[in-house]
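Descriptive structure summary
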Amino acid sequence: MKQWAQAFYLSQNWKDTSRAYMLTQNNICERCGEPAKICHHKTYLTRENINDQAIALSWDNLEALCQDCHNKEHHRTERNRRYKFDAEGNIVYL
């Protein structure tokens, strides 16, 4: 979790919102039908919009995802990657 988002993700508002949303989806991934573990923001949260409840807490911006679908979402392009591997196979953080 990004440090600037930590307070939001630990807040009772987010815990209540994400828990309730996940229950409405029966904790099933909306993309593949597997068990969902993550309440994902379709419009990614940024420092600029994290305090905008219409983005951060709106059910229209949420999606129940399994870990695999969430990983695919966040690593679908090289631009979104936070790490890569060097020639020796070591992790290099970007």
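Residues numbered from 1 in each chain as written. Predicted model: local features only at pLDDT ≥ 70, side-chain atom pairs only at ≥ 80, totals over all residues. Heavy atoms only, no water.

Some points on helix α4 (residues 67-74)
- Burial in α4 covers these residues: C69, H70, E73 and H74. Each buried residue of α4 lies within a common arc of 130° when the element is viewed along its axis, so the set occupies one face.
- Considering only its buried residues, α4 is in contact with β1 (38-41) and β2 (62-65). (Buried < 20%, exposed > 50% of the residue type's maximum accessible area, 1.4 Å probe, protein only. Helix = DSSP H or I, 4+ residues; strand = E, 2+ residues; numbered from the N terminus. Arc of directions from axis to C-beta. Contact = heavy atoms within 4.5 Å.)

Some words on the packing of aromatic side chains
- Enumeration over the complete set of coordinates arrives at four aromatic pairs.
- A ring pair is formed by F8 and Y9, whose centres lie 5.1 Å apart and whose planes are at 75°; its orientation type is edge-to-face.
- Among the residues examined, Y9 registers a relative accessible area of 27% and is labelled partly exposed.
- Pairing Y21 with W59 gives two aromatic rings, centres 5.6 Å apart and planes at 80°, and the pair type is edge-to-face. One end of the pair, Y21, is in helix α2 (residues 12-24); the other, W59, is in the loop between α3 (53-56) and β2, with 38 residues separating them in the sequence.
- Accessibility expressed as a relative area gives 6% for Y21, which makes it buried.
- Through successive ring pairs, a cluster of aromatic residues spans F8, Y9 and W14. (Phe/Tyr/Trp six-rings, centres within 6.5 Å; stacked < 30°, edge-to-face > 60°.)

Observations concerning the pattern of salt bridges
- Taken as a whole and assessed by the stated rule, the structure comprises four salt bridges.
- When salt bridges that share partners are traced, they join R31, E63 and E73 into one network. (Salt bridge = Lys/Arg side-chain N within 4 Å of Asp/Glu carboxyl O.)

These results come straight from atomic positions and should not be treated as a statement about function.
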